[in-house]
Structure formats: C-alpha cells, structure tokens
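# A structural walkthrough
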Amino acid sequence: MLTELLAAWISRQRWFGGKGRPIDELSIEADVELTPGLRHLIVAVWQEGSRDRYQLLLGERHELPDRLAHALIATVDGVHLYDAVHDPERTAWLLDGMSRDETRSGLRMRHAPGAEIDTTPRSLVLGAEQSNTSLVYGDAYICKLFRRLIPGVNPELEIVTALAARDAPHIAQPYGWIEADLDGTDTTLAFMQEFLSNANDGWDLALTSVRDLYASPPEVSAAEAGGDFAGEAERLGVATARVHAELAAAFPTDTIETHEIKRMAESFRRRLGRAVAEVPELRPHVPALEEAYHEVELLTSAVPVQRVHGDYHLGQVMRTPTDWVILDFEGEPGQPLAERRALSSPLRDVAGMLRSFDYAARHLLAGRPEAAELEDRAQAWADHNRAAFLQGYAQGGGRIDRADAALLRAFELSKAVYEVVYEARNRPTWLPIPLAAFRPR
Ligand SMILES: Nc1ncnc2c1ncn2[C@@H]1O[C@H](COP(=O)(O)OP(=O)(O)O)[C@@H](O)[C@H]1O
Ligand SMILES: O=P(O)(O)O[C@H]1O[C@H](CO)[C@@H](O[C@H]2O[C@H](CO)[C@@H](O)[C@H](O)[C@H]2O)[C@H](O)[C@H]1O
C-alpha cells in the first residue's frame, strides 16, 4: 500500500518534523501529475491526534539509474517511486512551469514580475537539507521547497517580492514561486531566488576572523589581528538599517503604547517560562532576566513597530563581491505564521545579529581545554564587532537612542532564551554559548 510505504520513508527524512512520535496514519490529500514520471503530492501525516502536511515530488521510473538509488522510496508493480528532488531531469520541469506560469490541477507555478527564467540549468540538492529542501539550478537560481506546509503566503516570498518591486538593495532577486490553495488559503509551496554563486555567508567569514585572532600572539587585539571583521560588521549594520527602512516603506508601520509594551514584556516572560520548564540550566538566570523584562515595562515612550526579518543572524547574510545580501525573511522557524508576520521593533533584528557576534566568538570555545585562556579574546572580538555593527546601523539611518537600550537588552536576552531551547534540542554541546549571555556584564 503506497501510503504505508510513504509513511515509513517520510519518518526517516531529515525535514520530517514529527520524529520520535509514531505515525498513526498517512493519507494523500492531493496527487497531481506535473509531467509524465513526475507527481506532486501533498500528504497528511497524523500523529497523536494532530495533523501535519508535507509536500513530495514523486518520481516514477521503470529503470532507476544508480545515481538515484539513494532516493528510492519503494517499488510498486515494477515501477520505482523515488524522491524526485534528486533527479535533475525531472526538476527541470519546475523551471519550465514557472517560466510559463503553468497551472496544474490547482498547483500554480508563477514567475516574478519582469523575471525571465532561463530553463536550461540543471538542479542539485543543496548539501545541508534541513527543514526544507533547496534546489540549486546551475549557478543561476536557488529554489526552496517548503516541506511542511502551513496555510498562507510565506513571509519570505511576501517580503522579497515587495522589496524587489521597490528596487531595494541587499536582497536576492526573486524569480518565481509555486502556490496552491490549502484549506482555502493561498499557500506558498516553493520560492525561487537568484543564487549568489560568488558569495560567502557571514557566519563563515566571521569564524575566519575569530580563528585568525585566536591564532595571533596574545598581545594582538581584535582590531589589530589580520582578519579583522569590524569593517564588514559595520557595512552589515548599514545594510541592515537600509533594509529596515525599505521594510518600513513597503509595509504598514505603527507604534505601540505603554499597555502593549507591557504585553511584550509578558510575551518575553511566557517564552522564559516555557524554556525553563524544558531546560533547567536556565533556572539560576531567571531573576536577572525578570529584572531586564521589568525594565521594559517601565518604558514610557511609544515604540515604533514594522515588518522585520525575525530570525536575523550571521547565517542569514551573504557577502557578495560588492555588498551584503540578506536572506531568509521567514521569521523564527516553528512560530505560527501570524506571529512571524506581526509588526515588531526592528531592534529585535539588531539584537539577533548582536547575539550572532557572541556566537561566532564563542563557538570555537565549546568543550575545549584552552577555552578559559581564550575567553577574554572571545569577549573582545564580540565587543569589537558588536560595536562596529551598531555604528553601521546608526550610520545607515537606523534608530537606537538611549531609551532603546532597555528594549534592545530585553530582545537580546529573549533571543538567548530561544537559543538555549534551540541548542538543547538540536546541538546540546553548543548550549554553553547562549548560556554565557546571562553572565553579568
Ligand atoms: N540566494 C542564495 N544564494 C546562495 N546561497 C544561498 C541563497 N539562499 C540560501 N543560500 C544558502 O543556503 C543556506 C540555507 O538557506 P536558508 O534560506 O537559510 O535555509 P533554511 O531556511 O533551511 O535555514 C544559506 O546559509 C546559504 O548558504
Ligand atoms: O537559519 P535558521 O532559520 O534555520 O535558524 C535556526 O538555526 C540557527 C542555527 O543554524 C540558529 O542560529 C543560532 O546559531 C547560529 C550559528 O549556527 C548563530 O549565528 C545564531 O546567532 C544563533 O541564533 C537560529 O537561532 C535558529 O532559529
């Protein structure tokens, strides 16, 4: 039975969100033939009374070449069914579909306004398959297939197309997307953007600088080390401020008054409560966190809010030969769509990036015997680059005044609380990194 075979296969996939819980039932909600030998499936997976939906590209071949053996799902009546994201001959059809604005049984493929899609490049699945699958076509496009489907327009598509319509700088150009109605709501299934083939991500660049400092003689300061990153951190600050200004111009803005600020402090506390229940190492830091959140409640001036990135860190920015480009405007994975689209203070993104400088500085220390000696250098690198980023942010027109300090601090601490949970779940050896954020300064 196909559904049972799919259930066994899906539970082993890296992007499957329901790992560790038995699958009670898998049913096929939609099954569309895109082209002979390529089907698009939306499957519903029931686990412990709740349902999640996932999309699959199902290939069908009578003969399966060796290069696709690893993608085999099952063989039914002599037909090999396999994960067609690994088959460039089949995924070529997605480029065709988007370039021609094809619609197949409710599956709508679209190209971005003004975009001309070259249909000749062939795809490769990007190495690190995580919660989604990204296909890189030649060195031209990257198409992200959202695996777990949440009804609604994906914030990444919404934001990038709005910014591109304004010719905003610092974004990767949109080329196309795939959408369908899910529960009667227009839902993004895939989004294709310009592939920045000649760029490095900010995390790798920052780590190179940190390594350089650690390898320098102890008297060499972060500013003097060969691989100083401060110039880049500053340019990134400028780019961040410009993108915030574009977001404020492209989407509604508002201000939140005292009673809503209190609500924001409440939401920090709720996140903390849930996190402490899951990660007991957080408990000793609760009083200091409570105090920082209380400072937010004392704010008297209104706080400007707008659309923001929402999960801003060094892994979301890429340095091309000429500039910084910001990716992945999707907000924090796992949060409900409404929350990810909600207006927020841009300081939330600033705080996210400040945290990331801390991460880059400390991640080589986790579990190392020489960590204690390097601790001061890590702090010096983080302080130096955090300051440069803030300077760039102000230079680019971003607002951070004295009154913002309490809010920025609370956002940073709340992000660190989120990271504590993220690391406890995904990379326990990294847990000391966000925990270091709660040490008194
Ligand atoms: N437009 C792009 N050009 C080049 N590489 C990209 C592009 N978009 C994403 N990437 C690469 O893919 C990685 C993961 O992308 P991301 O959008 O952050 O996916 P995820 O949501 O799974 O974290 C990035 O760190 C980057 O290395
Ligand atoms: O990039 P994603 O949208 O998947 O974001 C999640 O994973 C990130 C880790 O890859 C995580 O970021 C944390 O680790 C980064 C280093 O790997 C560091 O630069 C970030 O500052 C830190 O928050 C992110 O929080 C999570 O949502």
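On a predicted model such as this, the values are computed, not experimentally measured, just so you know.

## Describing the site of ligand 1
Around ligand 1, the structure places Leu126, Ile142, Lys144, Glu194, Phe195, Leu196, Gly315, Gln316, Met318, Leu327, Asp328 and Glu330. Here Glu194 contributes a backbone N or O atom positioned 2.8 Å from a nitrogen atom of ligand 1. A distance of 2.9 Å separates an oxygen atom of ligand 1 from a polar side-chain atom of Asp328. Contact with the protein chains hides 78% of the accessible area of ligand 1, taken as 560 Å² for the molecule alone. Considering only residue class, the shell around ligand 1 consists of six nonpolar, two polar and four charged. Both domains that meet at the shell around ligand 1, namely domain 1 (2–194) and domain 2 (200–438), each give it at least three residues.

## Focus: the pattern of salt bridges
Under the defined criterion, the tally for this structure stands at 41 salt bridges. Between Arg108 and Asp186 there is a salt bridge, with the nearest N and O atoms lying 3.3 Å from each other. Linking Arg108 in strand E7 (residues 107–111) with Asp186 in strand E13 (residues 185–194), this pair joins segments that are 78 residues apart in sequence. Among the charged side chains, a salt-bridge network with shared partners connects Arg355, Asp358, Arg362, Glu375, Arg386, Glu412, Glu419 and Arg439.

## As for the pairing of strand E10 (residues 141–146)
Most of E10 sits out of view: five of its six residues are buried. Sheet analysis places strand E9 (residues 132–137) next to E10, joined by six bridges and oriented antiparallel. When the bridges of E10 are listed, Ser134 appears paired with Lys144. Counted between consecutive antiparallel strands, the loop separating E9 from E10 contains three residues, among which Gly138 sits at a positive phi close to 55°. Bridge analysis of E10 against E13 gives five bridges, and the strand direction is antiparallel. If you follow Lys144 over to E13, its bridge partner there is Phe191.

## Overview of helix H1 (residues 2–10)
Since the α-helix packs 3.6 residues into each turn, any two residues three or four apart lie on the same face. Among the residues of H1, those classed as buried are Thr3, Leu6, Ala7, Trp9 and Ile10. Relative to the axis of H1, the buried residues are bounded by an arc of 165° and lie together on one face. Contacts made by the buried residues of H1 are with strand E1 (25–35), strand E2 (38–47), strand E3 (50–61), strand E4 (72–76) and strand E5 (79–83).

## Points about the UniProt feature "domain: Maltokinase N-terminal cap" (unreviewed entry) in the chain
The positions UniProt marks with the feature "domain: Maltokinase N-terminal cap" (unreviewed entry) are residues 9–87. Span residues 9–87 is 3% helix and 54% strand, its end C-alpha atoms 18 Å apart.

## Some remarks on the packing of aromatic side chains
This structure, assessed with the given rule, holds 14 aromatic pairs. A ring pair is formed by Phe229 and Trp381, whose centres lie 6.1 Å apart and whose planes are at 25°; its orientation type is stacked. Of this pair, Phe229 sits in the loop between helix H4 (202–215) and helix H5 (230–250) while Trp381 sits in helix H10 (residues 371–395); the two residues are 152 residues apart in sequence, bridging distant segments of the chain. The burial state of Phe229 is the same as that of Trp381; both residues are buried.

## Observations concerning the site of ligand 2
The full set close to ligand 2 counts 13 residues, and Ser356, Tyr418, Glu419, Tyr422 and Arg427 are the nearest of them. In the environment of ligand 2, an oxygen atom lies 2.7 Å from a nitrogen or oxygen atom belonging to the side chain of Ser356. Note that an oxygen atom of ligand 2 is positioned 2.6 Å from one of the side-chain N or O atoms of Tyr418. Here ligand 2, which alone exposes 530 Å², has 86% of that area covered by the protein. Of all the secondary structure elements, the ones that give two or more residues to the shell around ligand 2 are helix H9 (347–362) and helix H11 (405–426). Looking at the shell around ligand 2 element by element, the count peaks at three residues for H11.

## A short note on the domain arrangement of the chain
The parts lose accessible area when they come together, and the size of an interface is often stated as this lost area. As far as domains go, the chain holds domain 1 (2–194) and domain 2 (200–438). Contacts between the two partners involve 20 residues from domain 1 and, on the opposite side, 21 residues from domain 2. In this assembly, domain 1 packs against domain 2 so that about 1,800 Å² is buried in total across both faces, 61% of it on carbon and sulfur atoms. Remark: the boundary between domain 1 and domain 2 carries five salt bridges. The partner of Asp328 in a salt bridge is Lys144, with the nearest N and O atoms 3.2 Å apart. The interface formed by domain 1 and domain 2 contains 10 residue pairs in polar contact (both at pLDDT 80 or more).

Criteria and cut-off values
All chains use their own residue numbering, which begins from 1 and follows the written sequence. As they are written, the chains are lettered A onward and the ligands numbered 1 onward, keeping that order. Residue-level local features of this predicted model are given only where pLDDT is at least 70; pairs of side-chain atoms are given and counted only at 80 or more, and the full residue set underlies all totals for whole chains, interfaces and linings. Note that the side-chain values use all heavy atoms of the structure and ignore hydrogens as well as water. Put simply, a residue is near a molecule or strand once any heavy atom of it comes within 4 Å of that molecule or strand. We call two N or O atoms a polar contact when they sit within 3.5 Å, provided that within protein one can donate a hydrogen and the other can accept it, with sequence-adjacent residues counted only if both atoms are side-chain atoms. Here the open area of atoms and residues is found with the Shrake-Rupley method and a 1.4 Å probe, where only the protein chains shown may cover a residue. Three residue categories are used. Nonpolar comprises Ala, Val, Leu, Ile, Met, Phe, Trp, Tyr, Cys and Pro, charged comprises Asp, Glu, Lys and Arg, and polar comprises the others, including Gly. Bear in mind that the domain bounds are from an automatic or database domain assignment. Salt bridges are defined by distance alone: a side-chain nitrogen of Lys or Arg within 4 Å of a carboxyl oxygen of Asp or Glu. A helix here means a DSSP run of H or I that spans at least four residues, while a strand means a run of E at least two residues long, and both kinds are numbered starting from the N terminus. Using a 1.4 Å probe on the protein chains alone, a residue whose accessible area is under 20% of its type maximum counts as buried, one over 50% counts as exposed, and one in between counts as partly exposed. Here a strand pair is declared whenever DSSP counts at least two bridges between the two strands. The arc in question is the one traced by the directions running from the helix axis out to the C-beta atoms. The criterion used for residue contact is that any of the two residues' heavy atoms lie within 4.5 Å. UniProt positions are given in the numbering used here, feature names are shortened, and annotations may be inferred rather than shown by experiment. Only Phe, Tyr and Trp rings are paired, with Trp represented by its six-membered ring, and only when their centres lie within 6.5 Å; those with planes under 30 degrees apart are stacked, over 60 edge-to-face, the remainder tilted. By buried area we mean the combined loss of accessible area, with a 1.4 Å probe, across both parts when two parts are placed together.

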